[in-house]
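Secondary and tertiary structure notes
The residues making up each chain are set out below.
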Amino acid sequence: RLVDRQQGDRHAGEVAEEPLDGQPLRGDIEQLQPPAAEVLADAVDRARKTDPGLVVESSLVIDTAVAALVAASRTAQLVVVGNRGHGDLIGTILGSVAFGVTAHAQCPVAVVRGDSLRVPGPGAPVVVGVDGSESSNAAVDEAADLAERAGAPLHVVAAYQVMATGWVGVST
């Protein structure tokens, strides 16, 4: 789902009528469109079942998922993507939509892992990692807002690694 910054409506997609990255299209569009339209319709139905009053807009975009979602992020407050769970090596070889979108989106990105969604609440904290950067501060703001709305505790994590100096395990 995407959240429109101006209207606050959550969307299942963003409109684009031609390739967003200027690259030539591969495959037969007539063969790809029916299964893609079915996936889109299923996602819209799922969103509407979650909240029958939800304003859901959708579009079938002819482009890479990364390019389409990054373009949509320009007017969104949040982009949410799933994680297929290929693992580090396969994900690197095949490319990762989640990686591409988080690297290039113009708004915050949430990556949802697994088949079931854990919803933040009193017994399910929101966790945010911090390092003192501007991006980290923005993450804290987003996480605090989400935790407040969900009535969930906020767990702020700062991690650091101590690098060894000299020879480790060798006595002199």
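Residues numbered from 1 in each chain as written. Predicted model: local features only at pLDDT ≥ 70, side-chain atom pairs only at ≥ 80, totals over all residues. Heavy atoms only, no water.

A look at the overall build of the protein chain
The number of helices and strands found in the protein chain is five helices and six strands. Written out in order from the N terminus, the α and β elements of the protein chain read β-β-α-α-β-α-α-β-β-α-β. Per-residue burial for the protein chain yields a buried fraction of 20% across its 172 residues. Considering only intrachain contacts with a sequence separation of at least 6, the fraction spanning at least 24 residues in the protein chain is 71%. Carbon and sulfur atoms make up 53% of the accessible area of the protein chain, which totals about 12800 Å². (Helix = DSSP H or I, 4+ residues; strand = E, 2+ residues; numbered from the N terminus. Buried < 20%, exposed > 50% of the residue type's maximum accessible area, 1.4 Å probe, protein only. Contact = heavy atoms within 4.5 Å. Areas by Shrake-Rupley, 256 points an atom, 1.4 Å probe, with all protein chains shown as cover.)

Topic: helix α4 (residues 97-104)
All of the buried residues in α4 are Ala98, Gly100 and Val101. The arc that holds the buried residues of α4, viewed along the axis, is 165°, so those residues lie on one side. Two or three places before Ala98, at the opening of α4, Ser96 has a side-chain oxygen 3.3 Å from that residue's backbone nitrogen. (Arc of directions from axis to C-beta. Polar contact = N/O pair within 3.5 Å; in protein donor to acceptor, adjacent residues only side chain to side chain.)

Some thoughts on the nonpolar core
With seven residues, the main nonpolar core is built from Ala76, Val79, Val81, Ala98, Val101, Ala105 and Cys107. Where this core is concerned, the elements lending two or more residues are β3 (76-83) and α4. Per-element tally for this core: the top contributor is β3, with three residues. Grouped together as the second largest cluster of nonpolar side chains are five residues, Val128, Ala143, Ala147 and Ala152 included. (Core = buried A, V, L, I, M, F, W, Y, C linked by side-chain atoms within 4.5 Å.)

Here we look at the packing of helix α2 (residues 65-73) against α4
Two elements in contact, α2 and α4, have axes separated by 9 Å at closest approach and are oriented at 30°. By crossing handedness, the relation of α2 to α4 is classed as right-handed. Contacts between α2 and α4 involve Ala65, Val66, Leu69 and Val70 from the first element and Val97, Gly100, Val101 and His104 from the second. (Axes fitted to C-alpha atoms, helices over the stretch in contact; angles between N-to-C directions. Left-handed = near helix turned anticlockwise from the far one by under 90°.)

Some words on helix α5 (residues 134-150)
The periodicity of an α-helix, 3.6 residues per turn, causes residues three or four positions apart to be oriented the same way. Here α5 contains 17 residues, and its C-alpha end-to-end distance of 24 Å stays within 8% of the 24 Å for a straight helix at 1.5 Å per residue. Of the residues flanking the end of α5, it is Gly151, one or two places downstream, whose phi is positive at about 65°. (Expected span 1.5 Å × (residues − 1).)

A closer look at the environment of Ile62
Tracing the chain through its elements places Ile62 in the loop between α1 (29-50) and α2. Of the residues examined, Ile62 reaches a relative accessible area of 32% and is grouped as partly exposed. Separated by 33 residues in the primary sequence, Ile62 and Ile29 place their C-alpha atoms 8.3 Å from one another.

A look at the pattern of salt bridges
What the rule picks out here adds up to one salt bridge. Note that Arg149 and Asp145 form a salt bridge whose closest N and O atoms lie 3.0 Å from each other. Of this pair, Arg149 and Asp145 both sit in helix α5, separated by four residues, roughly a single helical turn. A residue is classified by how much of its surface remains accessible, and Arg149, at 60% relative accessible area, is exposed. (Salt bridge = Lys/Arg side-chain N within 4 Å of Asp/Glu carboxyl O.)

A short note on the confidence of the model for the protein chain
Looking at the protein chain, the pLDDT average stands at 77 and 72% of residues meet or exceed 70. Element-level pLDDT for the protein chain is lowest in strand β1 (residues 2-4), with a mean of 34, against a maximum mean of 94 in strand β6 (residues 154-157). In this model residues 1-21 is a low-confidence stretch, pLDDT under 50, and it forms 64 contacts with partners more than four residues away in sequence or in other chains. (pLDDT = per-residue confidence, 0-100.)

Notes on the environment of Pro153
Along the polypeptide, Pro153 turns up in the loop between α5 and β6. For Pro153, a relative accessible area of 39% translates into the label partly exposed. Considering only alpha carbons, one finds Pro153 and Pro125, 28 residues apart in sequence, at a separation of 4.8 Å. In this view, Pro153 contacts Gly121, Pro122, Pro125, Val126 and Ala147; residues no more than four positions away in its chain are not counted.

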